[in-house]
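Each chain, letter by letter, is given below.
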Amino acid sequence: MSSNWGKNLKISIFGESHGEGIGVVIDGLPCGETIDMDELLAFMKRRAPGAHRASTPRRETDAPTILSGYWRQHTTGTPLAAVIRNNDTHSADYSNIATVARPGHADFTGYVRYGGFNDIRGGGHFSGRLTAPLTFAGGVAKQILSRREITVGAHIYSATGISDTPFDPVTVTGELLREVGAKPFPTISQKAGEKMSDAIEAARLELDSVGGVVECAVTGFPAGIGSPMFDGLENVIASLMFGIPAVKGIEFGLGFEASSLKGSQNNDSFVLHDGKIQTKTNNHGGILGGISSGMPIILRVAFKPTPSISQMQHSVDFVNMTQEELTIHGRHDPCVVVRAVPVVEAAVALALLESMLGQGKI
Ligand SMILES: Cc1cc2nc3c(=O)[nH]c(=O)nc-3n(C[C@H](O)[C@H](O)[C@H](O)COP(=O)(O)O)c2cc1C
Ligand SMILES: C=C(O[C@@H]1CC(C(=O)O)=C[C@@H](OP(=O)(O)O)[C@H]1O)C(=O)O
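How each quantity is defined
- Throughout, a residue's number is its position along its own chain's written sequence, starting from 1.
- Note on labels: chains are lettered from A, ligands numbered from 1, in written order.
- For a predicted model such as this one, the threshold for reporting local features is a pLDDT of at least 70, and the threshold for listing and counting side-chain atom pairs is 80 or more; totals across whole chains, interfaces and linings nevertheless cover every residue.
- Side-chain metrics in this entry use all non-hydrogen atoms of the structure; hydrogen atoms and water are not considered.
- UniProt positions are given in the numbering used here, feature names are shortened, and annotations may be inferred rather than shown by experiment.
- Only DSSP runs of H or I covering at least 4 residues are called helices, and only runs of E covering at least 2 are called strands; the numbering of each starts at the N terminus.
- What the globule rule says is 2.2 Å times the number of residues to the power 0.38, and the radius of gyration is computed from C-alpha atoms.
- Partly exposed residues are those whose accessible area sits between 20% and 50% of the maximum for their type, while under 20% is buried and over 50% is exposed, using a 1.4 Å probe and protein chains only.
- In this analysis, two residues are considered to be in contact whenever any of their non-hydrogen atoms come within 4.5 Å of each other.
- Calculation of accessible area relied on Shrake-Rupley with a 1.4 Å probe; when residues are assessed, cover is drawn exclusively from the protein chains displayed.
- Only four residue types enter the tally: Lys and Arg on the positive side, Asp and Glu on the negative side; His and the chain ends are excluded.
- Charged groups are reduced to one reference atom each: NZ for lysine, CZ for arginine, CG for aspartic acid, CD for glutamic acid.
- Pairing between strands is defined by DSSP: at least two bridges between the two strands are required.
- All axes are obtained by fitting lines to C-alpha atoms, using only the stretch in contact for helices, and the reported angles, taken between N-to-C directions, cover 0 to 180 degrees.
- Between rings of Phe, Tyr and Trp, where Trp is taken as its six-membered ring, a pair exists when centres lie within 6.5 Å; planes separated by under 30 degrees are stacked, by over 60 edge-to-face, and by other angles tilted.
- For a ring to carry a charge above it, either NZ of a lysine or CZ of an arginine must fall within 6 Å of the ring centroid while also lying within 35 degrees of the normal to the ring plane.
- To be near a molecule or strand, a residue needs just one of its heavy atoms within 4 Å of it.
- What qualifies as a polar contact is a pair of N or O atoms within 3.5 Å, subject to a donor-acceptor requirement within protein and to the restriction that residues adjacent in sequence count only when both atoms come from side chains.
- Basically, the charged four are Asp, Glu, Lys and Arg, the nonpolar ten are Ala, Val, Leu, Ile, Met, Phe, Trp, Tyr, Cys and Pro, and anything else, Gly included, counts as polar.
- pLDDT measures the predictor's confidence residue by residue and takes values from 0 up to 100.
- When a carboxyl oxygen of Asp or Glu lies within 4 Å of a side-chain nitrogen of Lys or Arg, that pair is called a salt bridge.

Under an unreviewed UniProt entry, the protein chain has the name Chorismate synthase and belongs to Youxingia wuxianensis. The UniProt entry for the protein chain carries the following text under Sequence similarities (unreviewed entry): "Belongs to the chorismate synthase family."

Laid out in structure tokens, this is it:
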């Protein structure tokens, strides 16, 4: 089943972008956990559409209604279910593309896979909108981790070819992660953020879109969590990350760059620091053999440019088998990366909670 994930912490995401609503059922949460609703709503607001010029103008409050699993301010340990209503749908925008495939989107593959029964409005179940319930679930996971001094945070590492200051993989702090997350345009360098925002706007005015990279860091994560081969932290994180639409790649630590180094350059020397085992550098990104080393976890996620762009494109009507010229209407993100920052945090928090629960560490 495509929209269910997890072994110890199971999530099931449902809904379509223009249906009644979307939501998530989370099973396996520890009981007795408080959820700070203000913090959770603020986290979801960072992802919600309509807040920034780099965002789709679709207005959704993304206010979740909790149906079960939370009683007297605590998780009960039984399934936590939440729904989010869809309020601002313009389904007429999709009338001319019911059978003409948007290049880069899932209309054609979804049609073939589901025999034409898939809801194409707003991207249906393929839509980036489905990251709202993922963000809800990840927001709950983030709070459970944060209570154990584990902080997950992310920023826009690059967009439109402009780079932000990267996280220092050794000295990154929970404080910095919280600070950057609170910004409406989450970059460490204000100047880089302004340049990126202007370049995204320029692409939008040219009826185009752009992609980018989100960098995520985790501080305070203990050593010894994870497993070799198929259940490593990298595997678990990546399996959730590719559930986010428009994700095309992920790298941990130095990632692809490590492939061009010598072992002597890439290896992180072990050092004793205040009686604790650490590494001097952190090219490994906090994971060795699929298991956490106790150093900050560092990863980067690449997002492709938004497929729905306003300029004329060539496509095919897959029902009538005709060559078509396509102009897409509607309200699309000129760059999904800005709103995807909290979604990446959510995915990482869920993956880490899943791995900790699997080893009875929570
Ligand atoms: C937060 C977020 C917002 C998105 N907004 C849009 C959008 O406005 N228009 C669009 O065409 N695609 C958008 N996407 C990307 C598409 O949903 C995605 O490219 C499509 O479902 C095909 O999946 P794939 O790119 O993973 O192959 C968004 C993705 C995310 C994560
Ligand atoms: C609604 C959201 O993003 C949507 C993601 C999306 C897509 O194709 O992925 C297409 C757009 O949908 P619509 O055409 O209905 O405006 C975005 O607005 C959201 O993230 O909450």
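The rest of the description comes next.
K.L.:
Describe the overall build of the protein chain, with residues and values.
P.N.:
Along the backbone of the protein chain there are 8 helices and 18 strands. Rg of the C-alpha trace for the protein chain: 21 Å, near the compact-globule value of 21 Å for 362 residues, within the 12% margin. Out of the 362 residues in the protein chain, the part that is buried amounts to 50%. Restricting the contact set of the protein chain to residue pairs at least 6 apart, pairs at least 24 apart contribute 73%. Element-wise, carbon and sulfur atoms account for 55% of the exposed surface of the protein chain, whose accessible area totals about 16800 Å². Across the protein chain, the 31 positively charged side chains and the 36 negatively charged ones have centroids separated by 3 Å.

K.L.:
Give a description of the sheet that holds strand E7 (residues 80-85) that names residues and reports values.
P.N.:
Strand order in the open sheet formed by 5 strands is E1-E2-E3-E7-E4, with antiparallel pairing between adjacent strands. Two strands lie at the open edges of the sheet, namely strand E1 (4-5) and strand E4 (64-68), each paired on one side alone. The sheet contacts of helix H3 (residues 131-146) involve strand E2 (10-15), strand E3 (21-27), E4 and E7, and relative to E3 the element is tilted by about 35 degrees.

K.L.:
Kindly report on the packing of aromatic side chains, identifying the contributing residues and their values.
P.N.:
Scanning the model with the defined rule gives 2 aromatic pairs in all. Their ring planes at 50 degrees and their centres at 6.1 Å tell us that Phe108 and Phe318 sit as a pair that is tilted. Residue Phe108 is found in helix H2 (residues 107-113), and its partner Phe318 is found in the loop between strand E17 (313-317) and strand E18 (322-326); the two are separated by 210 residues along the sequence. Measuring from ring centre to ring centre gives 4.4 Å for Tyr111 and Phe318, while their planes differ by 40 degrees; the resulting arrangement is tilted. In this pair, Tyr111 sits in helix H2 while Phe318 sits in the loop between E17 and E18, placing the two residues 207 residues apart along the sequence. One aromatic cluster in this structure is built from Phe108, Tyr111 and Phe318. Directly above the aromatic system of Tyr157 lies the positively charged group of Arg300, at a separation of 5.4 Å from the ring centroid.

K.L.:
Give a detailed account of the site of ligand 1, specifying residues and quantitative values.
P.N.:
Of all residues adjacent to ligand 1, which total 15 residues, the nearest are Ala246, Lys304, Ser308, His332 and Asp333. Measuring from an oxygen atom of ligand 1, one finds a backbone N or O atom of Gly128 at 3.5 Å. Coverage of ligand 1 by the protein amounts to 87% of the 630 Å² it exposes when considered alone. Residues that form the shell around ligand 1 fall into these classes: 6 nonpolar, 6 polar and 3 charged.

K.L.:
Requested: an account of the UniProt feature "binding site: NADP(+)" (unreviewed entry) in the protein chain, with residues and values cited.
P.N.:
The positions that UniProt labels "binding site: NADP(+)" (unreviewed entry) are, in the present scheme, Arg47 and Arg53. You can see Arg47 is positioned in helix H1 (residues 37-47). Taking relative accessible area as the criterion, Arg47 reaches 2% and is therefore assigned buried. Discounting residues that sit within four places of it in the chain, Arg47 has contacts with Asp62, Gly128, Arg129, Thr131, Ala132, Thr135, Arg339, Pro342 and Val343. Its location among the elements puts Arg53 in the loop between H1 and E4.

K.L.:
Pulling in residues and values, what's your account of the confidence of the model for the protein chain?
P.N.:
Summary statistics for the protein chain give a mean pLDDT of 97 and a share of 100% for residues scoring 70 or more. Across the whole predicted complex the pTM is 0.98, and at the interface the ipTM reaches 0.99.

K.L.:
Go over the pattern of salt bridges with me, naming the residues and quoting the values.
P.N.:
For the structure shown, the criterion picks out 18 salt bridges. The residue Lys7 makes a salt bridge to Asp231 at a minimum N-O spacing of 3.1 Å. Of the two residues, Lys7 is situated in the loop between E1 and E2 and Asp231 in the loop between strand E10 (212-219) and helix H6 (233-241); the sequence distance between them amounts to 224 residues. On the basis of relative accessible area, Lys7 is assigned to the exposed category, the value being 52%.

K.L.:
Mind laying out the site of ligand 2, listing which residues take part and the relevant values?
P.N.:
In the neighbourhood of ligand 2, 14 residues make up the surrounding shell, with His18, Arg58, Tyr94, His105 and Gly128 lying closest. Here an oxygen atom of ligand 2 sits 2.7 Å away from a polar atom, N or O, in the side chain of Arg58. Within the contact set of ligand 2, an oxygen atom lies 2.7 Å away from a backbone nitrogen or oxygen of Gly128. Protein burial of ligand 2: of its 470 Å² of free accessible surface, 93% is covered by the chains. Across the shell around ligand 2, the residue classes tally to 2 nonpolar, 7 polar and 5 charged.

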